[in-house]
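Summary of structural features
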Amino acid sequence: MSTTMSTKGRFELTRDDKPIAIAALFILVILVAGTIYTLSRYGSMPLLTPTYLIQQLQIGSYLGIIAAGMMLVILISQIDLSVPWTLAAGAMMATAIGGPWALPVALLVGVIVGIVNGFGVAVLRIPSMIFTLGVNAVMRGLMVAQTGGFAPQTKATDLMRFLAAERTLGIPHAIFVWILISIGMVILLKKTAFGRSIYAIGNKEAAAYLSGVPTKRVMFIAFILCSTLSSFAGLLLAGYSTKAYQGMGDAYVLPAIAAVVIGGTNILGGRGRYLGTIVGVTQSDVKRMLAYSSVAHAGFLTLAIIAASQHGLKASLFYLATYGITTVGTFAVVSLVRDATEIGR
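Cut-offs applied
Residues numbered from 1 in each chain as written. Predicted model: local features only at pLDDT ≥ 70, side-chain atom pairs only at ≥ 80, totals over all residues. Heavy atoms only, no water. Helix = DSSP H or I, 4+ residues; strand = E, 2+ residues; numbered from the N terminus. Buried < 20%, exposed > 50% of the residue type's maximum accessible area, 1.4 Å probe, protein only. Polar contact = N/O pair within 3.5 Å; in protein donor to acceptor, adjacent residues only side chain to side chain. Contact = heavy atoms within 4.5 Å. Axes fitted to C-alpha atoms, helices over the stretch in contact; angles between N-to-C directions. Parallel < 35°, antiparallel > 145°, perpendicular 65-115°, else oblique. Left-handed = near helix turned anticlockwise from the far one by under 90°. Nonpolar A, V, L, I, M, F, W, Y, C, P; charged D, E, K, R; others polar. Bend = angle between axes of the 7 residues up to and from the residue. Patch = residues over 30% accessible without salt bridge, like charges linked within 9 Å, V, L, I, M, F, W, Y side chains within 5 Å. Areas by Shrake-Rupley, 256 points an atom, 1.4 Å probe, with all protein chains shown as cover. Salt bridge = Lys/Arg side-chain N within 4 Å of Asp/Glu carboxyl O. Phe/Tyr/Trp six-rings, centres within 6.5 Å; stacked < 30°, edge-to-face > 60°.

1. Things to note about the side chain of H173
Inspection of the secondary structure puts H173 in helix α7 (residues 173-191). Accessibility expressed as a relative area gives 7% for H173, which makes it buried. Here F162 takes part through its backbone oxygen, which lies 2.7 Å from a polar atom of the side chain of H173. Non-local contacts of H173, meaning those with residues more than four positions away in its chain, are made with F162, L163, E166, R167 and T168.

2. Brief notes about the packing of helix α2 (residues 50-75) against α7
Running from N to C, α2 and α7 cross one another at 25 degrees; their axes reach a closest spacing of 9 Å. With respect to their mutual orientation, α2 and α7 come out roughly parallel. Between α2 and α7 lies a crossing of left-handed hand. Between α2, through I54, L57, Q58, S61, Y62, G64, I65, A68, M71, L72 and L75, and α7, the contact on the second element is made entirely by A174, I175, V177, W178, I181, M185, L188 and L189. Looking at the contact of α2 with α7, its residues break down into 16 nonpolar, three polar and no charged.

3. Observations concerning α2
Of all the bends in α2, the largest measures some 30 degrees and sits at G60. Positive backbone phi, at 65 degrees, marks S77, one or two positions downstream of α2.

4. Regarding a nonpolar patch on the surface
Together, I171, F176, I179, L180, I183 and I187 make up a nonpolar patch on the protein surface, roughly 530 Å² of accessible area in all. At five residues, the largest contribution of residues to the nonpolar patch is made by α7. Its place among the elements puts I171 in strand β4 (residues 171-172).

5. Section: unusual backbone geometry
Located in the positive-phi region is S77, a residue other than glycine, with phi close to 65 degrees. Inspection of the secondary structure assignment puts S77 in the loop between α2 and α3 (83-97). A positive phi is found at T242, a non-glycine position, where the angle reads about 75 degrees. By the secondary structure assignment, T242 is in the loop between α10 (215-241) and α11 (253-262).

6. Regarding the packing of aromatic side chains
With the rule as written, the count across this model stands at one aromatic pair. When the centroid spacing of 5.7 Å and the interplanar angle of 55 degrees are considered together, the rings of Y62 and Y240 count as tilted. With Y62 in helix α2 and Y240 in helix α10, this pair connects stretches of sequence that are 178 residues apart. Taking the relative accessible area as the measure of exposure, Y62 reaches 0% and is therefore buried.

7. A short note on the pattern of salt bridges
Applying the stated criterion across every chain, the model contains one salt bridge. With a closest N to O distance of 3.2 Å, R125 and E205 form a salt bridge. Of this pair, R125 sits in the loop between α4 (102-123) and α5 (128-147) while E205 is found in helix α9 (residues 205-210), placing the two residues 80 residues apart along the sequence.

8. Overview of the packing of α7 against α10
Running from N to C, α7 and α10 point in directions that differ by 170 degrees, and their axes come no closer than 13 Å. Regarding the angle of α7 to α10, the classification is roughly antiparallel. Contacts between α7 and α10 pair V177, I181 and L188 from the former with L225, L229, F232 and L236 from the latter. Looking at side-chain class alone, the contact of α7 with α10 contains seven nonpolar, no polar and no charged residues.

As structure tokens, then:
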């Protein structure tokens, strides 16, 4: 991480590095808290085993691919709520077509949805939250019509299984795919004129336009990349689960937005680093390890992390205190109920 030297000779994190460091710190806190819990409850440390961590990274890689596209849209001060059924449509069409055309068809679905979103937002100037939510509903209707309202009976192709589920040297291919996309994202945002235009539009679209940035074209490309990555993630998810199913993308849109924001990207656009998105996705993976025991606890942790990454550690104290009180209270109630049950027996 880059740092700057203060007047007192100490190294200080830059404004963009602070939320990344805070989110990374919370990853360690969650791992330690989860390990203490599993040790006290079960006498083991499953959260720290390499097999379990790799499995969680494999599952998180699909979210990471979606979050990469979502970050591009958020950086230009927009949002894409068509992700759930773009993902599902890409998976369902890929499995329906099958064969060597599965991957091209899935990508084509994403490109088409991205063009429609870009046209509605960049040309028609409809607020992205409203337009993309409408597109999501349209995609849902199209997929219900395509399947007749029933679960698809098609299965994933060998290529989809290879990309999503198979391993090399014990590491799932999905992680390698996420790494390649991450490298492309870093190059795109830091080394290209398109990346600089993304940040310029997010800071002030009118100023970017007056300075010669082709704002409409950049917004089109951002939405196309977001939708294409979403449909590609759907293809991988279908490969992981061996088939596509309706509603398979519903669980990803809000975690993708949260991962981007937790990583320090300004929800209003114009500022953020892709490294932060990676940390945000990783944090979501680690938090999911504990979510099975309490959804409420996971929610409080999310609020605390977002508050800390966006406004500093002081802003997260309220949520952390609430989380701590809730945790202690829950354990106390559970213990009392268990004791009462044992006495009743």
